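Below, each chain spelled out in residue letters.
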Amino acid sequence: QLVESGGGLIHPGGSLRLSCAASGLTVSSNSMSWLRQAPGKGLEYLSVIYTGGNAYYADSVKGRFTLSRDNSRNTLYLQMNSLRAEDTALYYCARKGGSSYFDVWGRGSLVTVSS
Amino acid sequence: QSALTQPPSASGSPGQSVTISCSGTSSDVGGYNFVSWYQQHPGKAPKLMIYEVRERPSGVPDRFSGSRSGNTASLTVSGLQAEDEADYYCCSYAGNNKWVFGTGTKVTVL
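Residues numbered from 1 in each chain as written. Chains lettered and ligands numbered in written order. Predicted model: local features only at pLDDT ≥ 70, side-chain atom pairs only at ≥ 80, totals over all residues. Heavy atoms only, no water.

Peer 1: Got a sec to walk through the overall build of chain B? Specific residues and values, please.
Peer 2: On a plain count of helices and strands, chain B comes out with zero helices and nine strands. From first element to last, N terminus to C terminus, chain B shows the α and β order β-β-β-β-β-β-β-β-β. By the compact-globule yardstick of 13 Å for 110 residues, chain B fits well, its C-alpha radius of gyration being 13 Å. Taking all 110 residues of chain B together, 48% fall into the buried category. Taking the intrachain contacts of chain B between residues at least 6 apart in sequence as the baseline, contacts between residues at least 24 apart amount to 56%. Approximately 4,900 Å² of chain B is accessible, and the part contributed by carbon and sulfur atoms is 44%. Averaging the positions of the 8 positive and the 8 negative side-chain charges in chain B gives two centres separated by 3 Å. (Helix = DSSP H or I, 4+ residues; strand = E, 2+ residues; numbered from the N terminus. Rg over C-alpha atoms; globule rule 2.2 N^0.38 Å. Buried < 20%, exposed > 50% of the residue type's maximum accessible area, 1.4 Å probe, protein only. Contact = heavy atoms within 4.5 Å. Areas by Shrake-Rupley, 256 points an atom, 1.4 Å probe, with all protein chains shown as cover. Lys, Arg positive; Asp, Glu negative; His and termini not counted. Charge placed at Lys NZ, Arg CZ, Asp CG, Glu CD.)

Rendered as structure tokens:
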């Protein structure tokens, strides 16, 4: 099970850190991702971190968002800086299973960027 | 990376079949055997229905099947049931540790 938290209302240009607490799976032993869904829109991949610790990002968030994990807390994080109105979305963490799919999803944490 | 193209809507009567297309390029759908499909009910998280073009995770009914021809993948739902009414998204690996999703299709059971 994955449980996201940390969302809320933030002004443009602000920062926010999302957390994803895992139970029943070990974050450090799995490839983990963040994805998002703007209101009424489709899904968008944001970032992945592999077991070795390397993290990669979609062009839309590269340089602004940072994915990390705390193995002792079995928790995944997404640090979001320089937030824009277009970052308003429901943010999901998910396990990237097997070859290349997302098989375990949290329920999401809503981020609203507005002045 | 541009989103994969899906029809906005599809529909069928109970017991019928519906097929959803997912059009991409040789850099994503046509270039990797890493196409997956997700079902999303309103207010719920997406659920993996198909992976690696045509493989079904355990617990997913065999009414759901996937295929691909060239740069276009397809999801077919046979024997439509009321609970199949949902949004469906395709997804493809696009190289360089990036994934691209489809625009989404709303399936209505008439």
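Peer 1: How would you summarise the side chain of T76 of chain B if you had to cite specific residues and measurements?
Peer 2: Residues and elements named next belong to chain B. Examined against the element boundaries, T76 turns out to sit in strand 6 (residues 72-77). Separated by 2.9 Å, the side chains of T76 and T19 make a polar contact. Those residues in contact with T76 that sit more than four places away from it in its chain are V18, T19, R63, F64 and S65. (Polar contact = N/O pair within 3.5 Å; in protein donor to acceptor, adjacent residues only side chain to side chain.)

Peer 1: Quick one: what's the story with the sheet that holds strand 5 (residues 64-69) of chain B, residue by residue and with numbers?
Peer 2: Residues and elements named next belong to chain B. Strand order in the open sheet formed by three strands is 2-6-5, and the pairing between neighbours is antiparallel. Each having just a single partner strand, strand 2 (18-23) and strand 5 make up the two edges of the open sheet. When strand polarity is set aside, the average angle formed by the axes of neighbouring strands in this sheet is 20 degrees. Pairing analysis gives six bridges linking strand 5 to strand 6, with the strands arranged antiparallel. Following the sheet pairing, S65 is matched in strand 6 by T76. (Pairing = 2+ DSSP bridges. Axes fitted to C-alpha atoms, helices over the stretch in contact; angles between N-to-C directions.)

Peer 1: I'd like a description of the state of the cysteines, backed by residues and values.
Peer 2: Applying the stated criterion across every chain yields a total of two disulfides over all chains. What pairs with C20 of chain A in a disulfide is C93 of chain A, and their sulfur atoms sit 1.9 Å apart. Here the disulfide of C20 of chain A and C93 of chain A is right-handed, its torsion about the S-S bond being about 55 degrees. Taken together, the residues span a long stretch of sequence, with C20 of chain A in strand 3 (residues 16-22) and C93 of chain A in strand 9 (residues 89-97) at a distance of 73 residues. In this model, C22 of chain B is linked to C90 of chain B through a disulfide, with the two sulfur atoms separated by 2.0 Å. Every disulfide takes its handedness from the sign of the S-S torsion; for C22 of chain B and C90 of chain B that torsion is 75 degrees, giving right-handed. Here C22 of chain B is found in strand 2, whereas its partner C90 of chain B is found in strand 7 (residues 86-93), with 68 residues between them in sequence. Using a relative accessible area of 0% as the deciding quantity, one classes C22 of chain B as buried. (Disulfide = S-S within 2.5 Å.)

Peer 1: So what's going on with the pattern of salt bridges? Residues and values would help.
Peer 2: One pass over the full model with this rule turns up seven salt bridges over all chains. Here R63 of chain B ties to D84 of chain B by a salt bridge, and the two come within 2.6 Å at their closest N and O atoms. Pair noted here: R63 of chain B is in the loop between strand 4 (47-50) and strand 5 and D84 of chain B is in the loop between strand 6 and strand 7, with a separation of 21 residues, a long-range link. Under the relative-accessibility criterion, R63 of chain B is labelled buried at 14%. Here the salt bridges share partners, and the residues they tie into one network are R36, E44, R64 and D87 of chain A. (Salt bridge = Lys/Arg side-chain N within 4 Å of Asp/Glu carboxyl O.)

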